[in-house]
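A look at the structure
Each chain is listed here by its residues.
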Amino acid sequence: MRIEDIYQFFQNPPPTYLSQELAVCYVLSVLLKGESYGTELIQKLESEYPNYRLSDTVLYSALKFLEDEKAILGYWKKVEGRGRPRRMYQISPEWQVQAQELSRLWQEYINKVVR
């Protein structure tokens, strides 16, 4: 390591991986805008928030948690231009209010960290 490496690290920090708690709030914030599937959730995070990453393991454990809580509904759907059906997710009607609350926590977190 050199002193220049330290400056380089702070100028271009490595991406931060979301914890399961952040992943749950992020997923709900995306699903409030419309249905989505796993790979798309990861791609949206990387394009909208380039300093963040979401591992498959954390994403799918967050999705399972949300399904177990009956916060989201998962169903299979053939996506145009794709070979096989995708597992799509949407927010359960009775979870709209709580989803908005948790989505707000995600936005507050991002706004604090970005500043």
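The protein chain carries the name Helix-turn-helix transcriptional regulator in an unreviewed UniProt entry, which gives Scytonema millei VB511283 as its organism.

Let us look at the sheet that holds strand 5 (residues 86-91). Taken together, the three strands give an open sheet; going across it, the order is 2-5-4, and neighbouring strands pair in antiparallel fashion. Taken across any chain shown, the strands that pair with only one partner, and hence form the sheet edges, are strand 2 (36-37) and strand 4 (72-77). Both strand 2 and strand 5 contribute to a ladder of two bridges, which runs antiparallel. Note on strand 5: the bridge partner recorded for S36 is Y89. Along the sheet, helix 4 (residues 56-68) contacts strand 4 and strand 5; its crossing angle with strand 4, the most-contacted strand, is approximately 115°.

To continue, consider the nonpolar core. Residues Y26, L28, L54 and W106 are the most contacted members of the largest nonpolar core, which totals 30 residues. Where this core is concerned, the elements lending two or more residues are helix 2 (20-31), helix 3 (38-48), helix 4, strand 5 and helix 5 (96-114). Broken down by element, this core gets its largest block of residues, nine residues, from helix 2. Apart from residues no more than four positions distant in its own chain, W106 is found in contact with L18, L22, C25, Y26, S29, L45 and Y49.

Its identity is not glycine, yet K70 carries a phi of approximately 65°, on the positive side. Of the residues examined, K70 reaches a relative accessible area of 58% and is grouped as exposed.

Overall, the coordinates contain six aromatic pairs when judged by the stated rule. Aromatic side chains F9 and F10 sit 5.2 Å apart centroid to centroid with 85° between the ring planes, which places their arrangement in the edge-to-face category. Judged by relative accessible area, which is 43%, F9 ranks as partly exposed. By relative accessible area, F10 is classed as exposed at 64%. Consider the rings of Y52 and W106, whose centres lie 6.4 Å apart with planes at 70°: the pair is edge-to-face. Of this pair, Y52 sits in strand 3 (residues 52-53) while W106 sits in helix 5, and the two are 54 residues apart along the sequence.

Basis of the calculations
Residues numbered from 1 in each chain as written. Predicted model: local features only at pLDDT ≥ 70, side-chain atom pairs only at ≥ 80, totals over all residues. Heavy atoms only, no water. Pairing = 2+ DSSP bridges. Helix = DSSP H or I, 4+ residues; strand = E, 2+ residues; numbered from the N terminus. Contact = heavy atoms within 4.5 Å. Axes fitted to C-alpha atoms, helices over the stretch in contact; angles between N-to-C directions. Core = buried A, V, L, I, M, F, W, Y, C linked by side-chain atoms within 4.5 Å. Buried < 20%, exposed > 50% of the residue type's maximum accessible area, 1.4 Å probe, protein only. Phe/Tyr/Trp six-rings, centres within 6.5 Å; stacked < 30°, edge-to-face > 60°.

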